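Chains, contacts and geometry: an overview
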Amino acid sequence: MKKLLITGGAGFIGANFVHYWANEYPEDRLVVLDALTYAGNRNNLAPVEQHEGFRFVSGDILDTALVETLLREESIDTIVHFAAESHVDRSISGPDAFIETNIIGTHSLLKAARQVWITEGRCPVQHRFHHVSTDEVFGSLTPEDPAFTEQTAYAPNSPYSASKAASDFFVRAYHHTYGLNVTTSNCSNNYGPYHFPEKLIPLVILNILHGQSLPIYGDGKNIRDWLYVSDHAYGIDLTLKKGRVGETYNIGGCNEWTNIDIVQLICQLMDTRFAHDDILRRRFPKSPAAGGVASNSLISYVADRAGHDFRYAIDTATANEELGYQPKVSFEQGINLTLDWYLSNEQWWRSVMDGTYQQWIEQQYKVA
Ligand code: NAD
Ligand code: TYD
């Protein structure tokens, strides 16, 4: 039986990981530590709230003493560290929070883990600190470049990716210097349920429903490698089981899309749903599709993101060979599951689209 401390477990990927783990390993103890920032939502954990081994702690990873107390009182043997500021656009308009949470916060966790697991020797079994990172630390690819491998040199371009790169290096240093048992996964863009609607895919879905413009940065030709979020959880699970301590693993979907193609695809899928569903037409009368007009009429090219990375792509060969990792959910399945989830969970997205969210969206998007 494992005892996990999951930081950032009330956010998008963290919550999906908690659901995944509770389902796969119902006997395990799951302690979630989350500061419930704008991106964290206690309701994301509703599916596991009654789970016997589940505990939620509202708190900050910067609070080293709190983390030490949790490690001791819960006899935690595994930390899975998701907590972060995660949105590139926010890192451009306000980098400080990224340095605070992603760098200093990660260091605070590492210090606590070292204190309790190594200095006090309190971990009865082999401990593990798993750090959840991103492919964005590798920088930007041209269309011809090979995909990122674990050997690709770090070249972060945004304050977000720079802060994640710094945190990755601290994790590495705590292994080499203090003997902390660490692993790191660098994953590509995730999508799926509970995705906060400031990110491309949920933003497009909800703007179609509301008949609001679909902002495409620059020419829309930038490329991302999309992975359904439960496959990320699966990749982390395999890394915990089979990953070599001190190593990093690239996790991705082998599923590259230009932004404009992905937006066009979501528009088509929505149009088809509206055409066959009278209830949908009545629920969302402001959507062009409710009146038989194509959703892609909402597409609007806007000013490009500063320093916009052109392409990310992940080479998963190491994860395939060492961990036996292969994504289980095809993009066709995943994107349809995602649309189904947003259409069935209106209460969830209405609750996260509050005044603060609206202010952010309004200040962000200016038509070019
Ligand atoms: P998210 O923004 O949806 O959630 C972040 C969570 O962390 C929130 O619940 C928030 O309340 C919590 N948090 C923030 N600051 C905290 C603090 N100081 N103390 C405690 N909790 C705090 O992020 P996400 O998209 O779920 O990403 C999770 C992790 O995965 C991040 O580390 C991110 O860098 C990484 N990642 C994300 C993607 C992606 O596509 N979203 C891809 C690869 C890696
Ligand atoms: P995003 O979901 O913010 O993830 P990331 O920047 O971490 O890859 O953005 C995905 C891509 O979509 C990225 O190239 C920026 C672009 N984008 C838009 O064109 N319009 C938008 O409104 C948003 C949020 C993103």
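Here the structure is shown first, and the text comes after it.
A brief report on the enclosed structure follows. Just so it is clear, the structure is predicted and the values come from calculations on it, not from any experiment.

Side note on the overall build of the protein
Each helix and strand counted, the protein has 13 helices and 12 strands in total. For the protein, whose C-alpha radius of gyration is 20 Å, the value lies close to the compact-globule estimate of 21 Å for 368 residues. Taken along its principal axes, the extent of the C-alpha atoms in the protein is 65 × 45 × 40 Å. Going through the 368 residues of the protein one by one, you find that 56% of them count as buried. Long-range pairs, those at least 24 residues apart, make up 82% of the contacts in the protein between residues at least 6 apart in sequence. As presented, the protein carries roughly 15100 Å² of accessible surface, and 49% of it is formed by carbon and sulfur atoms. Charged side chains in the protein number 29 positive and 44 negative. The centres of these two groups are separated by 3 Å.

Brief notes about the sheet that holds strand E9 (residues 223-228)
Within the open sheet, the 3 strands sit side by side as E7-E9-E11. Their pairing is mixed. Each edge of the open sheet carries a strand with a single partner, namely strand E7 (189-191) and strand E11 (256-258). Within this sheet the neighbouring strands show an average axis-to-axis angle of 50°, counted without direction. Note that E7 and E9 share 3 bridges and pair parallel. Following the sheet pairing, Asn190 is matched in E9 by Leu227. Strands E7 and E9 of the sheet are contacted by helix H7 (residues 229-242), whose axis makes an angle of about 75° with E9.

A few points about the packing of aromatic side chains
Under the counting rule described, the total for this entry stands at 21 aromatic pairs. Their ring planes at 85° and their centres at 5.4 Å tell us that Phe138 and Tyr154 sit as a pair that is edge-to-face. Here Tyr154 lies in the loop between strand E5 (128-134) and helix H5 (159-178) and Phe138 lies in the loop between E5 and H5, a separation of 16 residues in the sequence. A residue is classified by how much of its surface remains accessible, and Phe138, at 4% relative accessible area, is buried. Centre to centre, the rings of Tyr191 and Tyr228 are 5.5 Å apart; their planes meet at 65°, and the pair counts as edge-to-face. Residue Tyr191 is located in strand E7, and its partner Tyr228 is located in strand E9; the two are separated by 37 residues in the primary sequence. Exposure remark for Tyr228: the relative accessible area of 9% places this residue in the buried category. Cluster of aromatic residues (ring-pair linked, three or more members): Phe138, Phe148, Tyr154, Phe169 and Tyr312. Just above the ring of Tyr38 sits the side chain of Arg90; from NZ or CZ to the centre is 3.7 Å. Over the ring of Tyr234 we find Lys328, and its NZ or CZ is 4.1 Å from the ring centre.

Quick notes on the site of ligand 2
Neighbouring ligand 2 are 17 residues, the closest being Glu136, Pro215, Arg224, Arg305 and His308. Contact between ligand 2 and Glu136: an oxygen atom at 2.6 Å from a side-chain N or O atom of the residue. Computed on the free molecule, ligand 2 has an accessible area of 510 Å², of which 97% lies beneath the protein chains in the complex. Looking at the shell around ligand 2, the elements with two or more residues in it are helix H6 (200-210) and strand E8 (214-217). The greatest single-element share of the shell around ligand 2, amounting to 3 residues, is contributed by E8. Counted by class, the shell around ligand 2 contains 8 nonpolar, 4 polar and 5 charged residues.

Details of helix H1 (residues 12-24)
End to end, H1 covers 19 Å across 13 residues, agreeing with the expected 18 Å (1.5 Å per residue, within 8%). Most of H1 sits out of view: 10 of its 13 residues are buried. The elements touched by buried residues of H1 are strand E1 (3-7), strand E2 (29-34), strand E3 (54-58), strand E4 (78-81), E7 and H7.

Quick notes on the packing of H1 against H7
When two helices pack together, their arrangement is given by the angle between the helix axes and by the axis-to-axis distance. Look at H1 against H7: their axes get within 9 Å of each other, and the N-to-C directions meet at 65°. Taken together, the axes of H1 and H7 are roughly perpendicular relative to one another. Read as a crossing pair, H1 and H7 show a hand that is right-handed. Across from Phe12, Ile13, Asn16, Phe17, Tyr20 and Trp21 in H1, the residues of H7 making contact are Val229, Ser230, His232, Ala233, Tyr234, Ile236, Asp237 and Leu240. Residues of the contact of H1 with H7, tallied by class, amount to 10 nonpolar, 3 polar and 1 charged.

Details of a negative patch on the surface
Together, Asp60, Asp63, Asp96 and Glu100 line one region of the surface with negative charge. Looking at the element boundaries, Glu100 is found in helix H4 (residues 96-119). The class of Glu100 is partly exposed, set by a relative accessible area of 40%.

A short note on empty space enclosed by the protein
Applying the stated criterion across every chain yields a total of 1 cavity of 30 Å³ or more. The computed volume of the largest cavity comes to approximately 50 Å³. For the largest cavity, the full set of lining residues is Val88, Glu136, Asn157, Ser158, Arg224, Arg305, Ala306, Gly307, His308, Asp309 and Tyr312. Among the residues making up the lining of the largest cavity, the classes are represented as 3 nonpolar, 4 polar and 4 charged.

Parameters at a glance
- Residues numbered from 1 in each chain as written.
- Chains lettered and ligands numbered in written order.
- Predicted model: local features only at pLDDT ≥ 70, side-chain atom pairs only at ≥ 80, totals over all residues.
- Heavy atoms only, no water.
- Helix = DSSP H or I, 4+ residues; strand = E, 2+ residues; numbered from the N terminus.
- Rg over C-alpha atoms; globule rule 2.2 N^0.38 Å.
- Buried < 20%, exposed > 50% of the residue type's maximum accessible area, 1.4 Å probe, protein only.
- Contact = heavy atoms within 4.5 Å.
- Areas by Shrake-Rupley, 256 points an atom, 1.4 Å probe, with all protein chains shown as cover.
- Lys, Arg positive; Asp, Glu negative; His and termini not counted.
- Charge placed at Lys NZ, Arg CZ, Asp CG, Glu CD.
- Pairing = 2+ DSSP bridges.
- Axes fitted to C-alpha atoms, helices over the stretch in contact; angles between N-to-C directions.
- Phe/Tyr/Trp six-rings, centres within 6.5 Å; stacked < 30°, edge-to-face > 60°.
- Lys NZ or Arg CZ within 6 Å of the ring centre and 35° of its normal.
- Near = heavy atom within 4 Å.
- Polar contact = N/O pair within 3.5 Å; in protein donor to acceptor, adjacent residues only side chain to side chain.
- Nonpolar A, V, L, I, M, F, W, Y, C, P; charged D, E, K, R; others polar.
- Expected span 1.5 Å × (residues − 1).
- Parallel < 35°, antiparallel > 145°, perpendicular 65-115°, else oblique.
- Left-handed = near helix turned anticlockwise from the far one by under 90°.
- Patch = residues over 30% accessible without salt bridge, like charges linked within 9 Å, V, L, I, M, F, W, Y side chains within 5 Å.
- Salt bridge = Lys/Arg side-chain N within 4 Å of Asp/Glu carboxyl O.
- 1 Å grid on protein atoms, 1.4 Å probe; cavity = no way out; pocket = protein on both sides within 12 Å on 5 of 7 lines; lining within 4 Å.
- Points joined across faces, edges and corners; volume = space filled by probe spheres on them.

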